[in-house]
Amino acid sequence: MEGLRQGGDKIKVRSLLPALEDPAPPSAEATKIAAVAAKACAEVAGTGKHVGVPYGTDASQLSLAGIPCIILGPGSIDQAHTVNEYVEIDQLGKAVEIYQKIMLSY
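Residues numbered from 1 in each chain as written. Predicted model: local features only at pLDDT ≥ 70, side-chain atom pairs only at ≥ 80, totals over all residues. Heavy atoms only, no water.

*Asks:* Please provide a residue-by-residue account of helix α2 (residues 32-45), values included.
*Replies:* Spanning 14 residues, α2 covers 20 Å between terminal C-alpha atoms, matching the ideal 20 Å at 1.5 Å per step. In this structure, the buried residues of α2 make contact with α4 (89-105). Positive phi shows up at Gly46, right after α2, with a value of about 70 degrees. (Helix = DSSP H or I, 4+ residues; strand = E, 2+ residues; numbered from the N terminus. Expected span 1.5 Å × (residues − 1). Contact = heavy atoms within 4.5 Å.)

Here it is as structure tokens:
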């Protein structure tokens, strides 16, 4: 990280170790990205409801920098970061379609 701090781009970096609980990101429900994503989810998967999640993501840090964030992905948190982590193929296919719609609509 020190190399990044001293580099020509003067990137601001900092260590967050030891990792503790991050603050909850502010709600992005009223942002354009949330509206576009909700519409794509409704069209592809019949979902699109805004809900909070009980786990940490980079969204808490990114939102501190003023970047509106949503958390959206296939699978279940119950299988995430486990020995036998997996995502159902049909969920992966829907996620790809949702991401494409978001990119083309945003």
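*Asks:* Account for the environment of Asp78, with residues named and values stated.
*Replies:* Secondary-structure assignment places Asp78 in the loop between α3 (59-64) and α4. Counting along the chain gives 18 residues from Asp78 to Ser60, while the straight-line C-alpha distance between them is 21 Å.

*Asks:* Help me get a handle on the pattern of salt bridges, residues and values and all.
*Replies:* On inspection of all chains with the given rule, the structure shows two salt bridges. Here Glu43 makes a salt bridge to Lys39, at a shortest N to O gap of 3.2 Å. One end of the pair, Glu43, and the other, Lys39, are both in helix α2, four residues apart, so they sit about a helical turn from each other. Put simply, Lys101 and Glu43 hold a salt bridge, and the shortest N to O gap is 3.2 Å. Remark: Glu43 occurs in helix α2 and Lys101 occurs in helix α4; sequence separation between them is 58 residues. Given the relative accessible area of 44%, Glu43 is considered partly exposed. Shared partners join several salt bridges into a network, and the residues in it are Lys39, Glu43 and Lys101. (Salt bridge = Lys/Arg side-chain N within 4 Å of Asp/Glu carboxyl O. Buried < 20%, exposed > 50% of the residue type's maximum accessible area, 1.4 Å probe, protein only.)

*Asks:* Any details on unusual backbone geometry? Residues and values, ideally.
*Replies:* For His81, which is not glycine, the phi dihedral falls at a positive 60 degrees. With respect to the helices, strands and loops of the structure, His81 is situated in the loop between α3 and α4. Taking relative accessible area as the criterion, His81 reaches 72% and is therefore assigned exposed.

The values reported here are purely geometric and, on their own, carry no functional implication.
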